Amino acid sequence: MAEQQVLHYVTHARSTLEITRDIAAIVQKSELECGIVHIFVRHTSCGLALTENADPDVRHDLDTLLQRWAPDGDPAYRHRQEGDDDMAAHARSLLTGVSLSLPFAHRHLLLGHWQGVFLFEHRNEGHRREVVVTLLG
Amino acid sequence: MAEQQVLHYVTHARSTLEITRDIAAIVQKSELECGIVHIFVRHTSCGLALTENADPDVRHDLDTLLQRWAPDGDPAYRHRQEGDDDMAAHARSLLTGVSLSLPFAHRHLLLGHWQGVFLFEHRNEGHRREVVVTLLG
Amino acid sequence: MAEQQVLHYVTHARSTLEITRDIAAIVQKSELECGIVHIFVRHTSCGLALTENADPDVRHDLDTLLQRWAPDGDPAYRHRQEGDDDMAAHARSLLTGVSLSLPFAHRHLLLGHWQGVFLFEHRNEGHRREVVVTLLG
């Protein structure tokens, strides 16, 4: 049996937005006791990742590395219609991924103590982002 | 309830093959109305990723970056039995991943407007590739 | 229908531990004939990935690349409470991912011939690691 809903977010430039509580609330209200919650962004220039939720410097440092791995305005890029961050955002999206699957039981997410669910905005401007949440159990 | 089938592809060297339509067709014919479609390559030297489906330069630039991240014939590699692209292909596979999970509803994939499903051939030669598609709902 | 259990491992510093057999054994004993097995680590400094299971040099070379992508003690890092490998481990975790989903049929994993499931310890010391295994079918 599947349950599904869509969440909407407004992001800020090159930032991370913690959405753990929203996902936990959906799981809490589910008819399903145990299973998997699948989270998916319908975009190619943002991403989803689990990472440490205690020290914001972790996300700062991940951004530093993402900038190193996929530099803005790299002279090697051919795709540059929408500016210096356009291709970089697609590459960041490849590295972070655009979906997550998390286990739950007794209507609680089975996350580790330090794991948070983060929506990564990979563009240099904020955007409206759609997140599809599907529960299977 | 699960539905499963295997797709077969013949790839070309270091290229991407869009398989969105094949996946959409399977979802369209499913008994399941709503759920997740899981796509999996049974190989360690190719990959699956969602990315922009409009401008082929995006995949060209991703290849440029993959070559930078995991250079062919890097002197640091020990694993080089099958040539310069052997270890590079395994590393590319780690970065792209070998599976994708996509939500669907009313027998339609809930992809964003610009999201395409791509099979990435990470080797320097074409190969026969097996893709397992499993629907849960 | 979902089935779920937790596995416990003790890892060694910066090493990979193959857990394919443990996952295959769970699938073998399942009530479910066909579906997906989801594997998830409840941590932000280790990871899960499929890679070649024949030549251990592949994992050695992946570690070489991970060290290049996310250097220990990089001067750019702000997050350094737990030592030089702290932030590097979070970054490695982003790149490998912390979960895998694998298809199965007739109670057998549908892995390719050379695909092994590996728990990657990204820290410079061994740790106790919890892995949640959920089957859907």
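It should be noted that the structure appears before, not after, this text.
What comes next concerns the included structure.

Rules used throughout
Residues numbered from 1 in each chain as written. Chains lettered and ligands numbered in written order. Predicted model: local features only at pLDDT ≥ 70, side-chain atom pairs only at ≥ 80, totals over all residues. Heavy atoms only, no water. Contact = heavy atoms within 4.5 Å. Buried area = accessible area lost by both parts, 1.4 Å probe. Salt bridge = Lys/Arg side-chain N within 4 Å of Asp/Glu carboxyl O. Polar contact = N/O pair within 3.5 Å; in protein donor to acceptor, adjacent residues only side chain to side chain. Helix = DSSP H or I, 4+ residues; strand = E, 2+ residues; numbered from the N terminus. Nonpolar A, V, L, I, M, F, W, Y, C, P; charged D, E, K, R; others polar. Pairing = 2+ DSSP bridges. Axes fitted to C-alpha atoms, helices over the stretch in contact; angles between N-to-C directions. Least-squares fit on C-alpha atoms with pLDDT ≥ 70 in both. Core = buried A, V, L, I, M, F, W, Y, C linked by side-chain atoms within 4.5 Å. Buried < 20%, exposed > 50% of the residue type's maximum accessible area, 1.4 Å probe, protein only.

**Here we look at the interface of chain A and chain B**
Line of reasoning, step 1. Tallying the contact residues gives 27 residues for chain A and 32 residues for chain B.
Line of reasoning, step 2. Of the roughly 2,500 Å² buried between chain A and chain B, counting both surfaces, carbon and sulfur atoms make up 64%.
Line of reasoning, step 3. Broken down residue by residue, the surface that chain A buries against chain B is led by Arg42(A), Arg78(A) and Leu94(A), which jointly contribute 25%.
Line of reasoning, step 4. Our count for the contact surface shared by chain A and chain B stands at two salt bridges.
Line of reasoning, step 5. Of the charged contacts in the structure, one is a salt bridge between Arg78(A) and Asp57(B), with a shortest N-O distance of 3.6 Å.
Line of reasoning, step 6. Our count for the chain A to chain B interface comes out at 14 residue pairs in polar contact (both at pLDDT 80 or more).
Line of reasoning, step 7. Of all the secondary structure elements, the ones that give two or more residues to the side of chain A that touches chain B are strand S1 (2–10), strand S3 (35–41), helix H3 (86–96) and strand S8 (128–136) of chain A.
Line of reasoning, step 8. At five residues, the largest contribution of residues to the side of chain A that touches chain B is made by H3(A).
Line of reasoning, step 9. Class assignment for the residues of the side of chain A that touches chain B results in 15 nonpolar, nine polar and three charged.

**Brief notes about the sheet that holds strand S4 (residues 46–52) of chain B**
Strands in a sheet are paired, the pairing made by backbone hydrogen bonds, and the direction either parallel or antiparallel.
All names here are of chain B.
Line of reasoning, step 1. Judged by pairing direction, the sheet is antiparallel, and its three strands sit side by side in the order S2-S7-S4 without closing on themselves. Lying at the two open borders of the sheet, with one neighbouring strand each, are strand S2 (16–18) and S4. Strand-to-strand twist in this sheet, taken as the mean axis angle between neighbours without regard to direction, amounts to 35 degrees.

**Section: the relation of the copies chain A and chain C**
Line of reasoning, step 1. The two copies are related by a screw operation: chain A maps onto chain C through 120 degrees of rotation and 0.0 Å of translation along the axis, at an RMSD of 0.0 Å. Here the two chains are linked by the operation of a three-fold rotation axis. For chain A, the minimum C-alpha distance to the rotation axis belongs to Leu95(A) and amounts to 3.7 Å.
Line of reasoning, step 2. When the interface residues of chain A are mapped onto chain C, a mere 10% of them again fall at the interface, so the copies present different faces.

**With respect to the nonpolar core**
Line of reasoning, step 1. Ranked by internal contacts, the top residues of the largest apolar core, which has 84 residues, are Ile39(A), Ile39(B) and Ile39(C).
Line of reasoning, step 2. If near-sequence neighbours (up to four positions away) are discounted, Ile39(A) is found in contact with Ile19(A), Ile23(A), Leu48(A), Val98(A), Ser99(A), Leu100(A), Leu102(A), Val117(A), Val131(A), Val132(A) and Val133(A).
Line of reasoning, step 3. Membership of the second largest hydrophobic core comes to 45 residues, among which are Ala49(A), Leu65(A), Met87(A) and Leu62(C).

**Quick look at unusual backbone geometry**
What you tend to see is this: most non-glycine residues have negative phi, and most peptide bonds are trans.
Line of reasoning, step 1. One non-glycine residue, Arg14(A), adopts positive backbone phi at about 40 degrees.
Line of reasoning, step 2. You can see Arg14(A) is positioned in the loop between S1 and strand S2 (16–18).
Line of reasoning, step 3. The backbone phi angle of Arg107(C) is positive, close to 60 degrees, even though this residue is not glycine.
Line of reasoning, step 4. Structurally, the position occupied by Arg107(C) is in the loop between strand S5 (99–105) and strand S6 (108–109).

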